[in-house]
There are 2 protein chains.
Amino acid sequence: MIPLVNSSGSTKERILGAAEVLFAQRGFDGASLRQLTAAAGVNLAAVNYHFGSKEKLVEQVFRRRLDALNERRLTALAKVAGADGTTLEDVLAAYIRPALELSHDDNGSLFMRVLARAFAEHDDSLRQFLSENYGHVMRQFTAEFARLLPQLSKQELYWRIDLVTGALTHAMSGFGMIQRKSDVSEHAHREQTAQHLIRFAVAGLSHP
Amino acid sequence: MIPLVNSSGSTKERILGAAEVLFAQRGFDGASLRQLTAAAGVNLAAVNYHFGSKEKLVEQVFRRRLDALNERRLTALAKVAGADGTTLEDVLAAYIRPALELSHDDNGSLFMRVLARAFAEHDDSLRQFLSENYGHVMRQFTAEFARLLPQLSKQELYWRIDLVTGALTHAMSGFGMIQRKSDVSEHAHREQTAQHLIRFAVAGLSHP
DNA sequence: GGCCGGTTCAAACGATCGTTTGAGCATACG
DNA sequence: CGTATGCTCAAACGATCGTTTGAACCGGCC
């Protein structure tokens, strides 16, 4: 007894890593626990032992990345929100840059694909999980967008945010996949991508 | 023998209709042939008899809508492409309006969800099918965008088209789901949606 | 040593999957 | 009439699914 706060260590992490890859490749239904545990090099029963069920595993795959990702987004947002000289670029950078920096991690860029899949799923349970746990993030960003775009009606603003979200989710799910030219550093490539996304989003949000 | 050109009639159509609904709701893997045939009111074996396999059925679900949809897109594009006074709005309307008009049909609006799912799938076989059969549509639109936006580099143009496509696919997959106020006619609602999407896309494509 | 909680393991559970089979039915044609 | 053809149907096929089981292994602690 007296388990350490995180009793796991290796097996849980290996499962989460393999799950991320396979969910991105084959989807939540398409990836079986047998493929998954084989790829992770652990026993089949380990998933139900450590996570309880496949559905709980899916939730943990999201939690592992989204907790840190959205915390970084909110931290970046807090630095500019409500201030006087703040621009749309600042707010959008707070949203976009932490996501692009995921590609630093092992398979972090693959996670954006998993997220894009969840986006396309109109399944209730998964959407409810994401809404309950991370809905406040989008709410805070929306509030700041509303402050910077006072000329837009609420309805108009929601439309534009929805369209921007769709564009960014789609684009970032492909990031890391496009072959970067070898004479461009990864940092430069990411910076270039960030600029594309931010400028596009600014135009989409603020056009007359 | 001597089958009529369309020997089917009812059973094939019923299967396609039920498949569209269930694929939109639960995904290609998540919807089973048993649920599907039960919803269609046909025998389980009818799918393999009429379509050969589940994968072929998926292709036919796409074909049934995309053949007509993309033909209408290209017809509308042909009316404005290459002409002198043509604007970005014209070209985008040719792409967007036929898709929104799908909501006229029984479950046409659900089909956009199916399409959004295929978009999120990075599965090779499905992407290859769509690319082989409908890649020329996006190619023609891209050519016209390039003509109207000569100041953009090829790379820059592709970026923007990719982002716009992501936004439109996402937005249209939700069209028909948002509750339309009863005092707004369906035609007015669709027209309003079209204006939102077109103006957003124009801004995203043509910003400096 | 002996026990114990945490973890791994092979094996099996029942359920459900896509697909196939072969008989039965209907309609059209010689 | 008899035969052939397109289609439907209940039933079964083997495979694979998520999950459960109970034994085996492991470290640390009395």
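Residues numbered from 1 in each chain as written. Chains lettered and ligands numbered in written order. Predicted model: local features only at pLDDT ≥ 70, side-chain atom pairs only at ≥ 80, totals over all residues. Heavy atoms only, no water.

Chemist: Quick rundown of the overall build of chain A? Include the residues and the values.
Modeler: Along its length, chain A carries nine helices and zero strands. What you see in chain A, going N to C, is helices and strands ordered as α-α-α-α-α-α-α-α-α. Based on the C-alpha atoms only, the size of chain A along its principal axes is roughly 55 × 45 × 35 Å. Each of the 208 residues in chain A was classed as buried or not, and the buried ones make up 49%. Counted over contacts in chain A with a minimum sequence separation of 6, partners at least 24 positions apart contribute 75%. A total of about 10500 Å² of accessible surface is found on chain A, and carbon and sulfur atoms cover 51% of it. In chain A, 24 side chains carry a positive charge and 23 a negative one; their mean positions are 4 Å apart. (Helix = DSSP H or I, 4+ residues; strand = E, 2+ residues; numbered from the N terminus. Buried < 20%, exposed > 50% of the residue type's maximum accessible area, 1.4 Å probe, protein only. Contact = heavy atoms within 4.5 Å. Areas by Shrake-Rupley, 256 points an atom, 1.4 Å probe, with all protein chains shown as cover. Lys, Arg positive; Asp, Glu negative; His and termini not counted. Charge placed at Lys NZ, Arg CZ, Asp CG, Glu CD.)

Chemist: Go over helix H1 (residues 10-30) of chain A, please, and point to the residues and values.
Modeler: The α-helix winds at 3.6 residues per turn, so residues separated by three or four positions along the chain end up facing the same way. All names here are of chain A. The end-to-end C-alpha separation of H1 is 25 Å, well short of the 30 Å expected for 21 residues at 1.5 Å each. At Ala24, H1 shows its maximal kink, close to 90°. Tucked inside the fold, the buried residues of H1 contact helix H2 (33-40), helix H3 (46-51), helix H4 (54-80), helix H6 (108-120) and helix H7 (124-148). (Expected span 1.5 Å × (residues − 1). Bend = angle between axes of the 7 residues up to and from the residue.)

Chemist: I'd like a rundown of the packing of helix H6 (residues 108-120) of chain B against helix H8 (residues 154-174) of chain B, residues and numbers included.
Modeler: All names here are of chain B. At a minimum axis distance of 8 Å, the contact between H6 and H8 shows a crossing angle of 140°. What the angle tells us is that H6 and H8 run oblique. By crossing handedness, the relation of H6 to H8 is classed as left-handed. Together, Met112, Arg113, Ala116 and Phe119 of H6 and Thr165, Gly166, Thr169, Met172 and Ser173 of H8 make up the contact between the two elements. (Axes fitted to C-alpha atoms, helices over the stretch in contact; angles between N-to-C directions. Parallel < 35°, antiparallel > 145°, perpendicular 65-115°, else oblique. Left-handed = near helix turned anticlockwise from the far one by under 90°.)

Chemist: Could you give an account of the packing of aromatic side chains, with specific residues and numbers?
Modeler: Residue and element names in this part refer to chain A. Here the structure, examined in full by the defined rule, presents 11 aromatic pairs over all chains. For the pair Phe62 and Phe111, a centre-to-centre distance of 6.0 Å together with 70° between the ring planes defines the contact as edge-to-face. Of this pair, Phe62 sits in helix H4 while Phe111 sits in helix H6, and the two are 49 residues apart along the sequence. What makes Phe62 buried here is its relative accessible area of 0%. The class of Phe111 is buried, set by a relative accessible area of 0%. Aromatic pair Phe129 and Tyr134: ring centres 6.5 Å apart, planes at 80°, arrangement edge-to-face. Here Phe129 falls in the buried class, since its relative accessible area comes to 6%. On the basis of relative accessible area, Tyr134 is assigned to the buried category, the value being 10%. (Phe/Tyr/Trp six-rings, centres within 6.5 Å; stacked < 30°, edge-to-face > 60°.)

Chemist: Break down the nonpolar core for me, citing the residues and quoting the values.
Modeler: The tendency in soluble globular proteins is for nonpolar side chains to be buried as a group. Membership of the largest hydrophobic core comes to 134 residues, with the highest contact counts inside it found for Phe23(A), Leu57(A), Phe62(A), Phe23(B), Leu57(B) and Phe62(B). The residues contacting Leu57(B), other than those within four sequence positions of it, are Ile15(B), Leu16(B), Ala19(B), Phe23(B), Leu33(B), Leu36(B), Val47(B) and Phe51(B). (Core = buried A, V, L, I, M, F, W, Y, C linked by side-chain atoms within 4.5 Å.)

Chemist: Outline the interface of chain B and chain A, supporting the account with residue identities and numerical values.
Modeler: At the interface, 31 residues of chain B touch 31 residues of chain A. Summing both sides of the interface, chain B and chain A together bury roughly 2900 Å²; the carbon and sulfur share of this comes to 65%. With a closest N to O distance of 3.4 Å, Glu121(B) and Arg117(A) form a salt bridge. At the surface where chain B touches chain A, the tally comes to six residue pairs in polar contact (both at pLDDT 80 or more). Looking at the side of chain B that touches chain A, the elements that each hand over two or more residues are helix H1 (10-30), H6, H8 and helix H9 (186-206) of chain B. (Buried area = accessible area lost by both parts, 1.4 Å probe. Salt bridge = Lys/Arg side-chain N within 4 Å of Asp/Glu carboxyl O. Polar contact = N/O pair within 3.5 Å; in protein donor to acceptor, adjacent residues only side chain to side chain.)

Chemist: Before we move on, could you go through the relation of the copies chain B and chain A and cite the residues and values that matter?
Modeler: Superposing chain B onto chain A takes a rotation of 180° plus a shift of 0.0 Å along the axis, which leaves an RMSD of 0.0 Å. Expressed as an axis order, the relation between the two copies is that of a two-fold axis. By C-alpha distance to the rotation axis, the residue of chain B lying nearest is Ala167(B), at 2.1 Å. The share of interface residues of chain B whose copies in chain A are also at the interface is 100%, consistent with both copies meeting through the same surface. (Least-squares fit on C-alpha atoms with pLDDT ≥ 70 in both.)

Chemist: Can you lay out the packing of H7(A) against helix H8 (residues 154-174) of chain A for me, pointing to particular residues and giving the numbers?
Modeler: All names here are of chain A. The geometry of H7 relative to H8 is characterised by a closest axis approach of 11 Å and an angle of 125° between their N-to-C directions. Judged by the inter-axis angle, H7 sits oblique to H8. Considering the relative orientation of H7 and H8, their crossing is right-handed. Residue-level inspection shows Met138, Thr142, Phe145 and Ala146 of H7 in contact with H8, the latter providing Leu157, Tyr158, Ile161 and Thr165. Among the residues making up the contact of H7 with H8, the classes are represented as six nonpolar, two polar and no charged. (Nonpolar A, V, L, I, M, F, W, Y, C, P; charged D, E, K, R; others polar.)

Chemist: Provide a residue-level description of helix H5 (residues 88-100) of chain A, including the pertinent values.
Modeler: Residues and elements named next belong to chain A. The terminal C-alpha atoms of H5, which comprises 13 residues, lie 18 Å apart, in line with the 18 Å expected from a rise of 1.5 Å per residue. Its axis deflected by about 30° at Ala94, H5 carries its strongest bend there, up to four residues before the proline Pro98. With 10 of 13 residues buried, H5 is to be regarded as a mostly interior element. Here H5 has its buried residues at Leu88, Val91, Leu92, Ala93, Ala94, Tyr95, Ile96, Pro98, Ala99 and Leu100. On its buried side, H5 packs onto H4, H6, H7, H8 and helix H9 (186-206).

So, to be careful, I would describe these as geometric facts and stop short of saying anything about function.
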